[in-house]
Amino acid sequence: MTEEPQSTGLPAREQSVLAMERGTWSGPGAKERAIREQLGISPVRYYQLLNALLDDPRALVHDPVTVNRLRRVRDARRSRR
């Protein structure tokens, strides 16, 4: 018997943004190119969505490892300012 994944209520596009953030990138511009090709949005819009996701409790339930890592990075950048 296989267990079905629990629905977190996070829309598919937001799930795709988090999945993209888990990826690794081979060189300069590779991630931005993938954002345009796979998600069909500009990198600026991608980072706006990603930043909003870090404060969304549904994103934390969906992918706690990625969200917590990105929150730490964001907090470190803010503290350096």
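Data block above holds the structure.
Residues numbered from 1 in each chain as written. Predicted model: local features only at pLDDT ≥ 70, side-chain atom pairs only at ≥ 80, totals over all residues. Heavy atoms only, no water.

A.B. asks: With reference to specific residues and values, describe the overall build of the protein chain.
C.D. replies: If you tally the helices and strands in the protein chain, you get five helices and zero strands. N-terminal to C-terminal, the α/β element order of the protein chain is α-α-α-α-α. With the C-alpha coordinates of the protein chain rotated into their principal frame, the extents come out at 45 × 30 × 20 Å. Here the protein chain, with 81 residues, has 31% of them falling under the buried criterion. The long-range share in the protein chain, meaning contacts at least 24 apart out of those at least 6 apart in sequence, stands at 49%. When the accessible surface of the protein chain is summed, it comes to about 5900 Å², and 50% of that surface belongs to carbon and sulfur atoms. One finds the centroid of the 15 positive side-chain charges in the protein chain at a distance of 9 Å from the centroid of its 10 negative side-chain charges. (Helix = DSSP H or I, 4+ residues; strand = E, 2+ residues; numbered from the N terminus. Buried < 20%, exposed > 50% of the residue type's maximum accessible area, 1.4 Å probe, protein only. Contact = heavy atoms within 4.5 Å. Areas by Shrake-Rupley, 256 points an atom, 1.4 Å probe, with all protein chains shown as cover. Lys, Arg positive; Asp, Glu negative; His and termini not counted. Charge placed at Lys NZ, Arg CZ, Asp CG, Glu CD.)

A.B. asks: Report on the packing of helix α1 (residues 12-22) against helix α3 (residues 43-53), specifying residues and quantitative values.
C.D. replies: The contact between α1 and α3 brings their axes to 10 Å, and the two run at 100°. In this view, α1 runs roughly perpendicular relative to α3, as classed from their interaxial angle. Of the residues in α3, those touching α1 at Arg13, Glu14, Val17, Leu18, Met20 and Glu21 are Arg45, Tyr46, Leu49, Leu50 and Leu53. Its residues assigned to classes, the contact of α1 with α3 comprises seven nonpolar, no polar and four charged. (Axes fitted to C-alpha atoms, helices over the stretch in contact; angles between N-to-C directions. Parallel < 35°, antiparallel > 145°, perpendicular 65-115°, else oblique. Nonpolar A, V, L, I, M, F, W, Y, C, P; charged D, E, K, R; others polar.)

A.B. asks: Describe the nonpolar core, listing the residues and the values that go with them.
C.D. replies: Residues Val17, Leu18, Tyr46, Leu50, Leu53 and Ala59 are the most contacted members of the largest nonpolar core, which totals 15 residues. With four residues, α3 is the single largest residue contributor to this core. When neighbours within four sequence positions are excluded, Tyr46 is seen to be in contact with Val17, Met20, Glu21, Lys31, Ile35, Leu39 and Ile41. (Core = buried A, V, L, I, M, F, W, Y, C linked by side-chain atoms within 4.5 Å.)

A.B. asks: Help me get a handle on the layout of surface pockets, residues and values and all.
C.D. replies: The method is simple in principle: a probe with the dimensions of a water molecule rolls over the atoms, and the space it marks as empty is what remains. Roughly 340 Å³ of internal volume is contained in the largest pocket. Contributing to the lining of the largest pocket are Glu21, Tyr47, Leu50, Asn51, Leu54, Leu70, Val73, Arg74, Arg77, Arg78 and Arg81. Of all the secondary structure elements, the ones that give two or more residues to the lining of the largest pocket are α3 and α5 (64-80). No other element matches the five residues that α5 contributes to the lining of the largest pocket. Considered class by class, the residues forming the lining of the largest pocket number five nonpolar, one polar and five charged. (1 Å grid on protein atoms, 1.4 Å probe; cavity = no way out; pocket = protein on both sides within 12 Å on 5 of 7 lines; lining within 4 Å. Points joined across faces, edges and corners; volume = space filled by probe spheres on them.)

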